[in-house]
Amino acid sequence: MRRIRNVIRYLVVIILNIFMMYVFHSYVNLLLLVALVLFPVYSFYGVYRVKQKLTLKIVVPSEHMRREEEFYLRFILHNPTGFPLVNATIKLKAANRFYKEEGIHYLNIPVRARRDTEVVYPVIMDYCGRLAVEAEEIKLLDLLGIYEAVIPVHEEQECLVFPNSTLRNQEAGQLYIKGVSEAMESREKGYDFSEISGIREYIPGDKLQNIHWKLSVKKDELMVKERISVSAQQLNVLVELANDEEMRLEAVLELADSIMKSFVTQNLPFTVYYYSTNLEGLKECYIGNQVEQEQWMEMLLYDQSYTDVGRVEQMFLKENGSAGSYLYIGYASETEEEDGIFGEKGIAAVLRG
């Protein structure tokens, strides 16, 4: 409809020019008439040439972004021809592949002759995940707004959006000590801690297996046993990736990221588990430093959420029935309200087992 209006307007301009040329016998109007007749040829041919040579490049941040923090996507149209165009409409598919959600967006950009045209697009993600931006086609409109051509394109880029969490060192440290202490008691019943003679405060670099967990709980600080050899212990962490209509998985990821960062900051290694829909099974990852923690979050976001609450716990208990105490981060029950770290929307990190 819009193009039909543009055609009618252009014909009206030509007719008015012809009328003025006959009334005033103007040579200028004759030259203008020739230009008006030839200009559509130039305009249409310009679209044809640009269609053959135009390329699109999408640039996304190379590092991971944070939820609710602004970042920028860049769209660069390269036109090596000498023909400018009024408008190029890029059809974009934007998807959060972690949550399996997607939508269609349209971006209008003028095309300059023999130059790159760049548009910087600000983005703020309400949810963390894996943002995929895919260009499906570009519609080109000539200078008169009459002739339109479509270029199929297959340009796609992805960037990761991590949770925006804060450290909870004190809460996480206490929960870690309690969890490991309970795990040791369940695995080594009857072990007598009173027989240990050498005990001192924890120094960064001490081995985890030399920590006196019961005494650390009482003193509210890590204590280390000297010259005593015990079995290495660490905390198992289960992260629930089930989601619902309220998007409560966001609270799970934020709380899990916060607790894991706190563990890493305090040099407390752990093994984290989640149910992978890609593998259709339990995914296990040992984490001892910040790099491993970020790699784990990246690996998780390349997976997908699911709807059935309890998958990770059921699978973990099936494969590790005698694992003892473990930390579950997900949907908490009313009976667990006093023993854990709580996030938003009824999400908590609680010791079970």
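Residues numbered from 1 in each chain as written. Predicted model: local features only at pLDDT ≥ 70, side-chain atom pairs only at ≥ 80, totals over all residues. Heavy atoms only, no water.

**Q** Just to check I follow, could you spell out the overall build of the chain for this structure?
**A** The number of helices and strands found in the chain is seven helices and 16 strands. Looking at the chain residue by residue over its 353 residues, the buried ones come to 46%. For the chain, the share of sequence-separated contacts (at least 6 apart) that also reach a separation of at least 24 residues comes to 69%. (Helix = DSSP H or I, 4+ residues; strand = E, 2+ residues; numbered from the N terminus. Buried < 20%, exposed > 50% of the residue type's maximum accessible area, 1.4 Å probe, protein only. Contact = heavy atoms within 4.5 Å.)

**Q** Could you clarify how one ought to interpret the pattern of salt bridges in this entry?
**A** Two side chains with opposite charge may pair up if their charged atoms get near one another. Taken as a whole and assessed by the stated rule, the structure comprises 14 salt bridges. The shortest N-O distance in the salt bridge between arginine 67 and glutamate 254 comes to 2.8 Å. Remark: glutamate 254 occurs in helix α5 (residues 249-265) and arginine 67 occurs in the loop between β2 (65-66) and β3 (71-79); sequence separation between them is 187 residues. Among the residues examined, glutamate 254 registers a relative accessible area of 24% and is labelled partly exposed. In this structure, lysine 91 engages glutamate 136 in a salt bridge whose closest nitrogen and oxygen atoms are separated by 3.7 Å. (Salt bridge = Lys/Arg side-chain N within 4 Å of Asp/Glu carboxyl O.)

**Q** Explanation requested: the packing of aromatic side chains in the structure shown.
**A** Ring pairs (aromatic) are described by centroid distance and by the angle formed between their planes. All chains considered together, the criterion is met by 14 aromatic pairs. On the numbers, 5.1 Å between centres and 75° between planes, the contact of phenylalanine 98 with tyrosine 99 is edge-to-face. Across this residue pair, the class does not change: phenylalanine 98 and tyrosine 99 are buried. Pairing tyrosine 275 with tyrosine 306 gives two aromatic rings, centres 5.6 Å apart and planes at 85°, and the pair type is edge-to-face. Of this pair, tyrosine 275 sits in strand β12 (residues 270-276) while tyrosine 306 sits in the loop between α6 (290-301) and α7 (311-319), placing them 31 residues apart in sequence. Every member of this aromatic cluster is reached through a ring pair, and the members are Phe39, Tyr42, Tyr45, Tyr48 and Phe83. (Phe/Tyr/Trp six-rings, centres within 6.5 Å; stacked < 30°, edge-to-face > 60°.)

**Q** Sorry, what's going on with helix α1 (residues 2-24) here?
**A** One turn of the α-helix equals 3.6 residues, which is why residues spaced by three or four share an orientation. For α1, spanning 23 residues, the distance from its first C-alpha to its last is 33 Å, which sits close to the expected 33 Å at 1.5 Å a residue. Listed as buried for α1 are Asn6, Tyr10, Ile14, Asn17 and Met21. Residues of α1 that are buried make contact with α2 (27-53). Just downstream of α1, histidine 25 is the residue with a positive phi angle, here 50°. (Expected span 1.5 Å × (residues − 1).)

**Q** How should I be thinking about α6 in this particular structure?
**A** Here α6 contains twelve residues, and its C-alpha end-to-end distance of 17 Å stays within 8% of the 16 Å for a straight helix at 1.5 Å per residue. Among the residues of α6, Gln293, Trp296, Met297, Leu300 and Leu301 are the ones counted as buried. Considered in projection along α6, the buried side chains sweep an arc of 130° and stay on one side of the axis. Summarising the contacts, the buried residues of α6 are in contact with β7 (129-141), β8 (148-162), β11 (235-239), α5, β12 and β13 (281-287). N-capping of α6 is provided by asparagine 289, with a side-chain oxygen placed 3.2 Å from the backbone N of valine 291. (Arc of directions from axis to C-beta. Polar contact = N/O pair within 3.5 Å; in protein donor to acceptor, adjacent residues only side chain to side chain.)

**Q** Just to check I follow, could you spell out unusual backbone geometry for this structure?
**A** Glycine aside, residues mostly have negative phi, and peptide bonds are mostly found in the trans state. One non-glycine residue, lysine 100, lies in positive phi territory at about 60°. Residue position: lysine 100 is located in the loop between β4 (85-96) and β5 (101-111). You can call lysine 100 exposed: its relative accessible area is 52%.

**Q** Explain the sheet that holds strand β16 (residues 347-352) here, please?
**A** Whenever strands of a sheet pair, they do so through backbone hydrogen bonds, lying parallel or antiparallel. With mixed pairing, six strands are arranged side by side in an open sheet as β13-β12-β11-β14-β16-β15. Looking at which strands have only one partner, the edges of the open sheet turn out to be β13 and β15 (340-342). Along the sheet, successive strands turn relative to each other by an average axial angle of 20°, direction set aside. Note that β11 and strand β14 (residues 326-331) share three bridges and pair parallel. Within the sheet, the bridge partner assigned to valine 237 lies in β14 and is leucine 327. Its contacts with the sheet place α5 against β11, β12, β13, β14, β15 and β16, and it is angled at close to 150° to β14. In the packing of α7 onto the sheet, contacts are made with β11, β12, β13, β14 and β16, and the angle to β12 comes to roughly 115°. (Pairing = 2+ DSSP bridges. Axes fitted to C-alpha atoms, helices over the stretch in contact; angles between N-to-C directions.)

**Q** Teacher, can you tell me more about the confidence of the model for the chain here?
**A** If pLDDT is low for a region, its predicted coordinates should not be looked at in detail. Put simply, the chain has an average pLDDT of 87, and 90% of its residues get 70 or more. Predicted confidence for residues 227-232 stays below pLDDT 50, and this span has eleven contacts to residues more than four positions away or in other chains. (pLDDT = per-residue confidence, 0-100.)

**Q** Before we go on, may I ask you to explain the environment of glutamate 68 in this structure?
**A** In this structure, glutamate 68 sits in the loop between β2 and β3. With 94 residues separating them in the primary sequence, glutamate 68 and phenylalanine 162 have C-alpha atoms 9.8 Å apart. In contact with glutamate 68, other than residues within four places in its own chain, are Ile124 and Met125. Of note is the side chain of glutamate 68, whose polar atom sits 3.1 Å from the side chain of arginine 67.

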